[in-house]
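One-letter residues, chain by chain:
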Amino acid sequence: MILEACVLGVILLGFSGLVWQPSLLLKIIALDVMSTGVIGYFVLIAARTGVFTPILFPTQSVTYADPVPQAVILTAIVIGLSTQALMLVGAMKLSKNNPTLELDEIERNYLP
Amino acid sequence: MTEITITWILLPLFLGMSSYLLPKLARYLTVIAVVSSLAYGLQAIVSQTPITLELLDHFGVILSIDGLSGFFIVTNALVTAAVLAYCWVLPKSGFFYTQLLILHGSLNAIFISADFVTVYVALETIGIASFLLIAYSRTERTIWVSLRYLFVSSVAMLFYLMGAVLVYQANHSFSFSGLLNAPLEGIALIFLGLFTKGGLFISGLWLPLTHAEAETPVSAMLSGAVVKAGIFPLVRLSLMFGELSPMIQLFGIASAFLGVGYALFESDLKRLLALSTISQVGFIVASPTVAGFYALSHGLAKASLFLTVGNLPERQLAKLQATVIPARLWGVLTMAALSISGFPLLAGYGAKVWALEQLTGWQSWAMNGAALGTVVVFAKVIFIPFALGASQGGPGTKGVTGGFWIGVLLLLLSLVIANGVYLPAYTLANLLKTLAVIVGGWGASFFLLRQFQVQLPRVLEYFQQLIGLISVILVLLFGGLWAWLAF
């Protein structure tokens, strides 16, 4: 229960960072924090039934963690990584003419 | 059938990778993918038997193919074909076609998927491929616009992912069928992701800028096919769970009005088209049984509008009113605009009549009002002056290519052929009503709208607000679901 509250807290923290941070770079980091929280949530739910690695032991039965959410979140981690990489490249390109990467500044420059 | 489906779904991805390695063949490889999608989609519409495939047990990938998927797949194939024809003579690199093919393939994947993880993976791939396509011209502005798109879509997908795991926790499966076993917050989070991706209601306000600032062929692809990626799962869920459909319908109606309301006062032609996409998406969601056909007619018309508008000398309506445009371009614009307005003999007529027939009570009145609004909006497009001998394109445009005509003719021809899908629409009462609406709308546009010009504030479209709007929608969704399901 406390763990779940912590994980949800991380997600919320990331989201509030997305809303309040003024700089594009900090926003990208906030997005990463948020996705870390979501990953943590998956791991937490997978561990509801037990924490052992799901390997079949012929002699004993253990309470193993559910492998399906873990497999799914692995995909999400990879996708998150590539998205982050792309965003950072975009920020790099933008930083040439907007060195501070402040969002208000960028929007004023590029919006009609 | 399983083997055919899997081969077909993997084909565009494989061809996409190949076209990166063999850029000279890229265009021909794209043709193969498009033709195979068209054949598969038509087959799915014609054969009345829905197929469900369960790969790798009940927690694995679940696919389901029926007529609804068929219509969406055909839309995707035709729009991609038109975009391909348009780009044929333009100097696009192999990389462009790789992204186009990957986008096409992931759209196909979403149109047959029936579990939340497949939808998630496909939506993320669509997000990344669209990002790269929007940023293809590499100007700072397009990079910013695409970065903004990727941001909004990533945030939405993170929320969606949380919803998906809550569904899994309740069912030990990601299948669509277990949605209602999940807690309310799970349903709300999933809908939030889909609403944002599909450009529905205020969470879709990222859409006008993104679609308007992208290059011409990319805009056509985004508005014609890509927005349907977020909409399709919503339609599926709305058809599966009668309890949820009133709420989805409510958001659809709100979206129809929001889009039309903004578009009425818009002075930029490309933004007007993008805003109308928001409202048309609302129509699709509001009557889920007709969603496939409506999506087809909207996709074809909107793609040809975007392709044509990209070749006009101006984007500002006021300046266009002062010039004359070539009659042939005007013809294309008018035909597509008439279809979206619901003029007889074009697919838009059948789709609109059929969609409005599905609604009853106040919803029917509301949507008829939104349809009238659409006519008024597109009257602005139709009333652009034209002349037979007007020169093509202005300074800075290269003029119209042959590929453009092939693409647009394909789309318009399909609009006429697709008209045959719902022939019962041609009753005297329907025809009279439609003509009355159209004449009334044109009159309203001609006499009233010219009198006053209002510039609506765009403050809600700023990045900061977009993220804020996502949380607003979450609250609305949660409240709505609580009211609908808890009592």
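For clarity, every value in this text was computed on a predicted model and none was experimentally measured.

Conventions we followed
Residues numbered from 1 in each chain as written. Chains lettered and ligands numbered in written order. Predicted model: local features only at pLDDT ≥ 70, side-chain atom pairs only at ≥ 80, totals over all residues. Heavy atoms only, no water. Helix = DSSP H or I, 4+ residues; strand = E, 2+ residues; numbered from the N terminus. Rg over C-alpha atoms; globule rule 2.2 N^0.38 Å. Buried < 20%, exposed > 50% of the residue type's maximum accessible area, 1.4 Å probe, protein only. Contact = heavy atoms within 4.5 Å. Areas by Shrake-Rupley, 256 points an atom, 1.4 Å probe, with all protein chains shown as cover. Lys, Arg positive; Asp, Glu negative; His and termini not counted. Charge placed at Lys NZ, Arg CZ, Asp CG, Glu CD. Buried area = accessible area lost by both parts, 1.4 Å probe. Salt bridge = Lys/Arg side-chain N within 4 Å of Asp/Glu carboxyl O. Polar contact = N/O pair within 3.5 Å; in protein donor to acceptor, adjacent residues only side chain to side chain. Nonpolar A, V, L, I, M, F, W, Y, C, P; charged D, E, K, R; others polar. UniProt positions renumbered as here; feature names shortened; annotations may be inferred. Pairing = 2+ DSSP bridges. Core = buried A, V, L, I, M, F, W, Y, C linked by side-chain atoms within 4.5 Å. Axes fitted to C-alpha atoms, helices over the stretch in contact; angles between N-to-C directions. Parallel < 35°, antiparallel > 145°, perpendicular 65-115°, else oblique. Phe/Tyr/Trp six-rings, centres within 6.5 Å; stacked < 30°, edge-to-face > 60°.

The next thing to look at is the overall build of chain B. Scanning chain B from N- to C-terminus turns up 19 helices and four strands. Relative to the globule expectation of 23 Å for 487 residues, the C-alpha radius of gyration of chain B, 21 Å, shows essentially globular dimensions. Each principal axis of the C-alpha atoms in chain B carries an extent, and together these give about 65 × 55 × 45 Å. Classification of the 487 residues of chain B by burial places 64% in the buried group. A separation of at least 24 residues holds for 82% of the contacts in chain B among residues at least 6 apart in sequence. A total of about 16,500 Å² of accessible surface is found on chain B, and carbon and sulfur atoms cover 71% of it. Chain B carries 21 positive and 16 negative side-chain charges, and their two centres are separated by 16 Å.

Attention now goes to the interface of chain B and chain A. Size of an interface: often given as the accessible area lost when the parts come together. Listed as interface residues are 35 residues of chain B and, on the opposing side, 43 residues of chain A. It is Glu140(B), Trp144(B) and Phe151(B) in chain B that bury the most area against chain A; as a group they hold 18% of the surface buried on that side. Linking chain B with chain A are zero salt bridges. Seen at the junction of chain B and chain A, the total is five residue pairs in polar contact (both at pLDDT 80 or more). Mapped by element, the contributors of at least two residues to the side of chain B that touches chain A are helix H5 (116-134), helix H6 (140-171) and helix H19 (463-485) of chain B. At 18 residues, the largest contribution of residues to the side of chain B that touches chain A is made by H6(B). Counted by class, the side of chain B that touches chain A contains 25 nonpolar, five polar and five charged residues.

A separate point is the UniProt feature "transmembrane region" (unreviewed entry) in chain A. All names here are of chain A. The feature "transmembrane region" (unreviewed entry), as annotated in UniProt, sits at residues 6-26, 38-57 and 69-89 in this numbering. Helix makes up 86% of residues 6-26 and strand 0%, and the two end C-alpha atoms of the span are 21 Å apart. Note that residues 38-57 is 45% helix and 0% strand, and that its end C-alpha atoms are spaced 31 Å apart.

Residue and element names in this part refer to chain B. The buried fraction of strand E2 (residues 61-65) amounts to four of the five residues, a majority that puts the element mostly inside the structure. Relative to E2, strand E1 (residues 51-55) is paired through five bridges, and the arrangement is antiparallel. Paired with Glu54 across the two strands is Ile62, which belongs to E2. Between E1 and E2, which follow one another and run antiparallel, lie five residues, and Leu56 among them has a positive phi close to 55 degrees.

It is worth spelling out unusual backbone geometry at this point. Residue and element names in this part refer to chain B. Positive phi, normally seen in glycine, also occurs at Arg138, with a value near 60 degrees. Position of Arg138 among the secondary structure elements: in the loop between H5 and H6. The residue Phe201 is not glycine, and still its phi comes out positive at about 55 degrees. Looking at where Phe201 falls in the secondary structure, it is placed in the loop between helix H7 (184-198) and helix H8 (207-213).

Attention now moves to helix H15 (residues 347-357) of chain B. Burial analysis of H15(B) places nine of its eleven residues in the buried class, which makes it a mostly covered element. Turning to H15(B), its buried residues number three or more, namely Ala347(B), Gly348(B), Tyr349(B), Gly350(B), Ala351(B), Lys352(B), Val353(B), Ala355(B) and Leu356(B).

This part covers the nonpolar core. Counting 210 residues, the largest nonpolar core has Leu24(A), Trp144(B), Leu179(B) and Phe191(B) as its most contacted members. Sorting elements by how many residues they give to this core places H6(B) first, with 20 residues. The contacts of Trp144(B), once residues within four sequence positions are left out, are Leu24(A), Leu94(A), Leu103(A), Ile106(A), Glu107(A), Tyr110(A), Leu111(A) and Phe463(B).

Next up on the list: the packing of helix H3 (residues 67-94) of chain A against H5(B). Interaxial distance between H3(A) and H5(B) falls to 11 Å at its minimum, and their mutual angle equals 10 degrees. Of the possible angle classes, the one that applies to H3(A) and H5(B) is roughly parallel. Residues Val72(A), Thr75(A), Ala76(A), Ile79(A), Ser82(A), Thr83(A) and Leu86(A) of H3(A) pack against Val117(B), Tyr120(B), Val121(B), Glu124(B), Ile128(B), Phe131(B) and Leu132(B) of H5(B). By residue class, the composition of the contact of H3(A) with H5(B) is ten nonpolar, three polar and one charged.

With that out of the way, let us pick up the UniProt feature "domain: NADH:quinone oxidoreductase/Mrp antiporter transmembrane" (unreviewed entry) in chain B. Within this structure's numbering, the places UniProt gives as "domain: NADH:quinone oxidoreductase/Mrp antiporter transmembrane" (unreviewed entry) are residues 113-373 of chain B. Helix makes up 77% of residues 113-373 of chain B and strand 1%. Its end C-alpha atoms lie 34 Å apart.

Here the focus is the packing of aromatic side chains. The description of two aromatic rings rests on the distance between their centres and on the angle between their planes. Residues and elements named next belong to chain B. As enumerated under the stated definition, the model contains 29 aromatic pairs over all chains in all. On the numbers, 5.2 Å between centres and 80 degrees between planes, the contact of Phe151 with Phe463 is edge-to-face. Of this pair, Phe151 sits in helix H6 while Phe463 sits in helix H19, and the two are 312 residues apart along the sequence. Judged by its relative accessible area of 1%, Phe151 falls in the buried class. Given the relative accessible area of 0%, Phe463 is considered buried. Ring centres of Phe191 and Phe195 lie 6.0 Å apart, and the angle between their planes is 10 degrees; on these two criteria the pair is classed as stacked.

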